[in-house]
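Spelled out from the first residue to the last, the chains are:
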Amino acid sequence: MSINKNKLLLRLILGDQLNINHSWFSSVSPDITYVLMEIRTETDYALHHIQKVTGIFSAMRNFASEIKKLNHQVIYLKINDSDNLQSFEKNILHLIEHKNFTHFEYQLPDEYRVDEALKQLSKKLTLSHEVFDSEHFLSSREELGEFFKGKKLFLMESFYRYMRKKHRILMEGQEPYSGKWNYDSDNRKKLPASHQPTPPLVFDNDESEIVAEIKKAGIKTIGNIDEKHFIWPTSRKQSLELLDFFLDYCLPLFGTYQDAMTPKAWSIYHARISFSLNIKLISPLEVINKAIEQWQKRPNEIEFNQLEGFIRQILGWREYMRGIYWLKMPDYATLNFFDHQEKLPDWFWTGNTKMNCLKHSINQSLDYAYAHHIQRLMITGNFLLLSGIDPDQVDAWYLGIYMDAFEWVEITNTRGMSQYADGGIVGSKPYVSSATYIDKMSHYCGSCFYNKAKKTGDKACPFNSLYWNFYDKNENKLSKNPRIGMMYNVWRRMQPNDKADILQQAEYYLQNINKL
Ligand code: FAD
Ligand code: DLZ
Ligand code: SF4
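A quick note: this is a predicted structure, and the numbers were derived from the prediction, not measured.

Observations concerning the environment of Gln375
With respect to the secondary-structure elements, Gln375 resides in helix H13 (residues 373–386). Looking at Gln375, the relative accessible area reads 1%, which means it is buried. Distance in space between the C-alpha atoms of Gln375 and His360 is 9.3 Å, their sequence separation being 15 residues. If we ignore the near neighbours within four places in the chain, the residues touching Gln375 are Met261, Trp266, Ser361, Gln364, Thr380 and Tyr444.

Some details on the packing of helix H6 (residues 156–167) against helix H11 (residues 304–328)
Two elements in contact, H6 and H11, have axes whose closest approach is 9 Å; the angle formed by their N-to-C orientations is 105°. On the basis of the axis angle, H6 is roughly perpendicular to H11. Residues Met156, Glu157, Phe159, Tyr160, Met163, Arg164 and His167 of H6 pack against Glu308, Arg312, Leu315, Gly316, Trp317, Glu319 and Tyr320 of H11. Along the lines of polarity and charge, the residues of the contact of H6 with H11 split into seven nonpolar, two polar and five charged.

Thoughts on empty space enclosed by the protein
On inspection of all chains with the given rule, the structure shows four cavities of 30 Å³ or more. Estimated volume of the largest cavity: approximately 340 Å³. Secondary structure elements with two or more residues in the lining of the largest cavity: helix H1 (40–44), helix H2 (50–69) and helix H4 (112–124). The element that contributes the greatest number of residues to the lining of the largest cavity is H2, accounting for five residues. When grouped by side-chain class, the residues that make up the lining of the largest cavity number 14 nonpolar, three polar and seven charged.

With respect to the layout of surface pockets
A volume near 380 Å³ is recorded for the second largest pocket. At the level of secondary structure, the elements contributing two or more residues to the lining of the second largest pocket comprise H13, helix H17 (462–473) and helix H20 (496–511). Grouping the constituent residues of the lining of the second largest pocket by class yields nine nonpolar, eight polar and six charged.

Overview of the pairing of strand S5 (residues 128–132)
Every regular strand shows the same layout, with side chains that alternate between the two sheet faces. Inspection of the sheet shows strand S4 (residues 103–107) paired to S5 by five bridges, in the parallel sense. Its bridge partner being in S5, Phe104 is matched across the sheet by His129.

What about helix H12 (residues 356–368)?
Here H12 is 13 residues long and its end C-alpha atoms lie 18 Å apart, about the 18 Å a rise of 1.5 Å per residue gives. Along H12, the positions that sit buried rather than exposed are Asn356, Cys357, Leu358, Ser361, Ile362, Gln364, Ser365 and Leu366. Summarising the contacts, the buried residues of H12 are in contact with H2, H13, helix H14 (391–401), helix H16 (435–441) and H17. Positive phi appears at Ala369, one or two residues downstream of H12, with a value of about 55°.

About the cut-offs
Residues numbered from 1 in each chain as written. Chains lettered and ligands numbered in written order. Predicted model: local features only at pLDDT ≥ 70, side-chain atom pairs only at ≥ 80, totals over all residues. Heavy atoms only, no water. Helix = DSSP H or I, 4+ residues; strand = E, 2+ residues; numbered from the N terminus. Buried < 20%, exposed > 50% of the residue type's maximum accessible area, 1.4 Å probe, protein only. Contact = heavy atoms within 4.5 Å. Axes fitted to C-alpha atoms, helices over the stretch in contact; angles between N-to-C directions. Parallel < 35°, antiparallel > 145°, perpendicular 65-115°, else oblique. Nonpolar A, V, L, I, M, F, W, Y, C, P; charged D, E, K, R; others polar. 1 Å grid on protein atoms, 1.4 Å probe; cavity = no way out; pocket = protein on both sides within 12 Å on 5 of 7 lines; lining within 4 Å. Points joined across faces, edges and corners; volume = space filled by probe spheres on them. Pairing = 2+ DSSP bridges. Expected span 1.5 Å × (residues − 1).

Have a look at this one:
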């Protein structure tokens, strides 16, 4: 079928828009050509983990093959192709000029930088063009802004309840199923010492060709890879297998151990579907519906609190973060509430530290391009906030190192939730802790070089002095916060000598941060 005698249409698909169920693909036409491109602007805007670049290229190539098999016309530019001009704009302009396209279309990008670039490109085009929704998210870019219009607080919980009602998920009429919206308090247990979590499902994809091409192109990356046995899903089929594995083996304990940390297991009962979701191999609605279906089929095995906890992450947090991103960008990327200016410790790039919790969380990030939420928030993020690291450097690290890192969800979690650099848009208080919390939720402290119980002196755990130092330094910004006023009462009641020792210890650690 030809769409129009004179209309030759070029459609751009970004590396994180691999959604086979998009309405674009519902009909096939020889007059529509899809273009996917591996380009240096995208590989080089952050120092990415080698597994992230490999995973994206592999998934893009698989997607291109899949749509070709469905008889769609596809142009695929590989990273080392001689006719690849290495940017969206240059490649699109070149293709339009040389292939006589008469119309150009793209889907709304998820990232502000790319959104701006494509808007600029559109202005330069003399041919007609159109922008489409990516048909992936459960709220529009503007919806959160409209929901909170006129409000000072942007509470995730309010938006989550709105989303539950809007999509009729876990509802009985206008009320939440079982009468309660949020089961968080039933979750969050430490992993018992004898408990060995189910080993994660990993794939065995041979990506040696892609890795060789990345190396040949000279793309700078971080982290490790076993390219002959690449573990991440790179197709919709594999992403669905990973989701099924999670629903079969992990969902029953998801909420219970959601905040637990152990050196014995790198993902515990987490789903590891964020990469597949963020590049749109699977959709949030199908994940939610499949989880509900499993809970209905196996009510004795999957308790409601586990299901609700999981759905809240996707229907609540994920959509909320995207809404905040589009409401607050581009200013959000410049926020630095505490005016933190310090440099990221060198060992964040090597994992070479004596602090056991950080050593494990960083090393597993370098090995797997993955750390679960509490490792990101309460180990790496906690330490960086307590140490006053410049949020630009913190963002750059998180944006590069994780498989699932795309700015719309990385920056809101990092600069917002983790670093409180937005002054409380996303979180109502900074997520900081001493060793007490880390020891309560993990198995890291027992075999650490440092002593979790000591605030000062030989081998005192750095988290303990840095924690009080953080509160002390930021008293004028934080003491009025009703959620943390109590901590200031504790601090004020401490003996002046003890306080001085703690601050001195913290100063010593900050001066010697690269030796920790
Ligand atoms: P699970 O724990 O199994 O949760 C299931 C799904 O819920 C995830 O796949 C994800 O899609 C969603 N989800 C859970 N928590 C969040 C959240 N806070 N925000 C948005 N979605 C959430 N997530 C990213 O997708 N990309 C990032 O770049 C990213 N950067 C982060 C940086 C920091 C400092 C922190 C604290 C969190 C970050 N997160 C990010 C959120 C969260 O840590 C990851 O989504 C999660 O670890 C992905 O692993 P999973 O699929 O096993 O998640
Ligand atoms: C992250 C990434 C990388 C590393 N490489 C590419 C690429 O070569 N081509 C591409 O189209 N997309 C890539 N991406 C994902 C984009 O950065 C992503 O589409 C934008 O950030 C918009 O969200
Ligand atoms: Fe981390 Fe301190 Fe525990 Fe060591 S003692 S693992 S540094 S919290």
